[in-house]
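The lines below spell out each chain.
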Amino acid sequence: DAFRAAVTAGGGRVTAEATYLPGATSFTAAIGAIKKVPPQAVFVADGAERLELIAPALAFADLWSTPGGKGRPAADPGKPRGRNILLLSTANDLSPRLLQNAGRYIQGALLAPGFYADAADGPSKAFVDAYRAAYGTDPHATEAYAYDGVSALRAAATSGGRTRADVLRALATGSFEGLTGTLRFGTEHGRVDAARVYVVDGDQIKVAR
């Protein structure tokens, strides 16, 4: 519903919608409904583990995620060339496994998992390295958001915030560089900065914005 509202507000149109049961591993019916449109973009509101299965299924239905401005993928013998689509996904809990198992099918895809450890550099790399050393696994969005929240509160206190009103004022008027972007807070105390988006480029997933 949130995606539909944002697309409509931007002048776009959602032409088809399909669902599947939690834990599904087959998406023939859902993709068949979408293919009838046919779409220019497909948004998968699910985690990276599910996207790993859906992206190849889309390609099997001749709907290929392709970087903007590039030609259609080569066809397999005896099959028509696929249709280009812009693949979008929340892809939460994103890990290098998605590239390893479905890299061919997600080229040019735009992903918004909140945080992706392998795209880290600078301060983010230091956080990722320390987290891996401490816990033996990669941090995801939950850990990155928690780190950014504590860092923002620490910055507000360092700048002179001693009371709740001081801290709220500092958060509302300042910006804070974090692992998940440049944090800015609105009058309702929620974040108002744009979410970080990643793009699949060859064998890498990079920060797009």
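Residues numbered from 1 in each chain as written. Predicted model: local features only at pLDDT ≥ 70, side-chain atom pairs only at ≥ 80, totals over all residues. Heavy atoms only, no water.

Caption draft 1: How the structure looks around the confidence of the model for the chain. Averaged over the chain, the pLDDT score is 89; the fraction of residues at 70 or greater is 93%. Looking across the chain, the model is least confident in helix α7 (residues 164-173), with a mean pLDDT of 89, and most confident in strand β4 (residues 110-111), with 96. (pLDDT = per-residue confidence, 0-100. Helix = DSSP H or I, 4+ residues; strand = E, 2+ residues; numbered from the N terminus.)

Caption draft 2: Region of interest: the packing of aromatic side chains. Under the criterion given, the structure shown has eight aromatic pairs. With 5.6 Å between their ring centres and 35° between their planes, W64 and Y105 make a pair best called tilted. Residue W64 is found in strand β2 (residues 63-65), and its partner Y105 is found in the loop between α4 (97-102) and β4; the two are separated by 41 residues along the sequence. The class of W64 is buried, set by a relative accessible area of 10%. Y105 gets classed as partly exposed once you look at its relative accessible area, which sits at 23%. For the ring pair F115 and F127, a centre distance of 6.1 Å and an interplane angle of 75° mean the geometry is edge-to-face. Of this pair, F115 sits in the loop between β4 and α5 (123-135) while F127 is found in helix α5, placing the two residues twelve residues apart along the sequence. (Phe/Tyr/Trp six-rings, centres within 6.5 Å; stacked < 30°, edge-to-face > 60°. Buried < 20%, exposed > 50% of the residue type's maximum accessible area, 1.4 Å probe, protein only.)

Caption draft 3: A look at the side chain of S124. Turning to its location among the elements, S124 is positioned in helix α5. S124 sits in the buried class, given a relative accessible area of 10%. Once you skip the residues sitting within four places of it in the chain, S124 turns out to touch F115 and L179. (Contact = heavy atoms within 4.5 Å.)

Caption draft 4: Summary view of the nonpolar core. Ranked by internal contacts, the top residues of the largest apolar core, which has 35 residues, are L58, L87, I106, L111, F115 and I205. Mapped by element, the contributors of at least two residues to this core are α2 (28-35), β1 (41-44), α3 (48-60), β3 (83-89), α4, α5 and β7 (198-201). For this core, the leading source of residues is α3, giving five residues. Aside from chain neighbours lying at most four places away, what touches I106 is A55, S65, L87, L98, L99 and V200. Ranked by size, the runner-up nonpolar core spans eight residues in total, among them A152, A156, V167 and L183. (Core = buried A, V, L, I, M, F, W, Y, C linked by side-chain atoms within 4.5 Å.)

Caption draft 5: Seen up close, unusual backbone geometry. Omega for the peptide link from V37 to P38 comes to -20°, which places this bond in the cis form. Relative to the helices and strands, P38 resides in the loop between α2 and β1. A positive phi is found at D62, a non-glycine position, where the angle reads about 70°. Inspection of the secondary structure assignment puts D62 in the loop between α3 and β2. Residue classification places D62 among the buried positions, given a relative accessible area of 16%.

Caption draft 6: View of the packing of helix α6 (residues 141-158) against α7. Packing of α6 against α7 brings their axes to within 9 Å, and their N-to-C directions diverge by 110°. The angle between α6 and α7 places the two elements in the roughly perpendicular class. Read as a crossing pair, α6 and α7 show a hand that is right-handed. On the side of α6, the interface is formed by A152, L153 and A156, while α7 contributes V167, A170 and L171. Among the residues forming the contact of α6 with α7, the class breakdown is six nonpolar, no polar and no charged. (Axes fitted to C-alpha atoms, helices over the stretch in contact; angles between N-to-C directions. Parallel < 35°, antiparallel > 145°, perpendicular 65-115°, else oblique. Left-handed = near helix turned anticlockwise from the far one by under 90°. Nonpolar A, V, L, I, M, F, W, Y, C, P; charged D, E, K, R; others polar.)

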